[in-house]
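An overview of the molecular structure
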Amino acid sequence: MAAEPGPISLQARQALEEELVELRTERAKVAATLKVTDAVGDRADQADGLQRADLLVRLDDRITEITDRFRVADAAGPPRTDAVGLGSTATLRFADGTLETVQIGEVADRLDETLVTADSPLGRALLGHRAGETVGYEAPEGRTTAEIVSIGGDA
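Everything in this summary refers to the structure shown in the same document. Just so it is clear, the model here is predicted, and its values are computed rather than measured. (Residues numbered from 1 in each chain as written. Predicted model: local features only at pLDDT ≥ 70, side-chain atom pairs only at ≥ 80, totals over all residues. Heavy atoms only, no water.)

Description of the pairing of strand β5 (residues 142-151)
Threshold: When DSSP finds two or more bridges between a pair of strands, those strands are recorded as paired. Only DSSP runs of H or I covering at least 4 residues are called helices, and only runs of E covering at least 2 are called strands; the numbering of each starts at the N terminus.
Of the strand pairs in this sheet, strand β1 (residues 89-94) and β5 are connected by five bridges, and their pairing is antiparallel. Bridging across to β5, L92 finds its partner in I148. In this structure, strand β4 (residues 134-139) lies alongside β5, joined through six bridges in antiparallel fashion. Within β5, the residue paired with V135 across the bridge is A146. Hairpin remark: β4 followed by β5, antiparallel, with two residues in the connecting loop.

Quick look at the sheet that holds strand β2 (residues 99-105)
Note the threshold: Only C-alpha atoms enter the line fits that serve as axes; for helices the fit covers just the stretch in contact. Angles between N-to-C directions range over 0 to 180 degrees.
Strands sit in the order β3-β2-β1-β5-β4 across an open sheet of five strands; the sheet is mixed. Whereas interior strands pair on both sides, the edge strands pair on one side only; in this sheet they are β3 (115-117) and β4. Averaged over all adjacent pairs, the angle separating strand axes in this sheet is 45 degrees, with direction ignored.

Some thoughts on the pattern of salt bridges
Operational definition: For salt bridges, the criterion is a side-chain nitrogen of Lys or Arg within 4 Å of an Asp or Glu carboxyl oxygen.
Counted by the stated rule, this structure contains nine salt bridges. The salt bridge involving D68 is made with R71; its shortest N-O contact spans 2.3 Å. Placement of both D68 and R71 in helix α2 (residues 43-76) is noted, with a separation of three residues, approximately one turn of the helix. The network of salt bridges with common partners includes E19, R62 and E65.

Focus on the nonpolar core
Worth spelling out the cut-off: Definition of nonpolar core: a set of buried residues of the types Ala, Val, Leu, Ile, Met, Phe, Trp, Tyr and Cys, connected through side-chain atoms within 4.5 Å. Three exposure classes are used, based on accessible area relative to the maximum for each residue type with a 1.4 Å probe and protein chains only: buried under 20%, partly exposed in between, and exposed over 50%. By definition, residues are in contact when any of their heavy atoms lie within 4.5 Å.
Among the nonpolar cores identified, the biggest contains 18 residues, and V84, L92, I104, L122, L126 and Y137 are the most heavily contacted of them. When contributions to this core are tallied by element, the ones reaching two or more residues are β1, β2, α3 (121-126), β4 and β5. Those residues in contact with L92 that lie beyond four places of it in its chain are T98, L99, E100, V102, L122, L126, E147, I148 and V149. Residues L20, L23, V30 and I63 belong to the second largest nonpolar core, which totals 12 residues.

Considering the environment of R58
With respect to the helices and strands, R58 occurs in helix α2. Using a relative accessible area of 46% as the deciding quantity, one classes R58 as partly exposed. Taking the C-alpha atoms as reference, R58 lies 10.0 Å from L23; in sequence the two are 35 residues apart.

Let's talk about the environment of R93
For R93, the location among the structural elements is in strand β1. When its relative accessible area of 34% is taken as the criterion, R93 is described as partly exposed. Spatially, the C-alpha atom of R93 lies 9.6 Å from that of S150, the residues being 57 residues apart in sequence. Ignoring sequence-local partners within four residues, the contact set of R93 consists of T98, L99, A146, E147 and V149.

Here we look at the environment of L99
Here L99 is to be found in strand β2. For L99, the contacting residues outside a window of four places in its chain are T91, L92, R93 and V149.

As for the side chain of T117
To keep things clear, this is the line we draw: Residues adjacent in sequence count toward polar contacts only when both atoms are side-chain atoms; beyond that, a polar contact is any pair of N or O atoms within 3.5 Å, and within protein one must be able to donate a hydrogen and the other to accept it.
For T117, the location among the structural elements is in strand β3. Side-chain polar atoms of T117 contact the side chain of D119, separated by 3.0 Å.

Concerning the pairing of β2
The pairing of β1 with β2 spans five bridges and is antiparallel. Each bridged residue has a counterpart across the sheet, and for A90 the counterpart in β2 is V102. In this antiparallel pair of consecutive strands, β1 and β2, the connection spans four residues, and G97 shows a positive phi of 95 degrees. Here β2 pairs with β3 via three bridges, running parallel. Bridged to G105 within β3 is T117.

The structure is reproduced here in structure tokens:
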């Protein structure tokens, strides 16, 4: 994740909103299984209760993390269009001449092939650069370049 989270892309927001719904649903199920009883159960019952309580804490922590991330993103405003930053959409021309539009995000989404994480080699190379600039980065095939054609999706 980026050191100082800023704006968030629409796709990243949607993915986090979906995760939040799932977390809250799971939290409600786990919380419903925790019973307040006066009777002391056997050690297995106590261990199971502790595991569920621990899971509840982890779910609460992740829910707080996501809601805090939304608060920071809302305060940061929309993604930049003057230079590539977190949440930006950029159209790139790669060394082989192909054009591709990507989004710079914090969290990889295996379902979104256009997402480039800010801490990936390409993401790190793009951050802070402007349209018309060419950046170099390490790809699996070796060192290569990409030209930033536009920022904000307007190729």
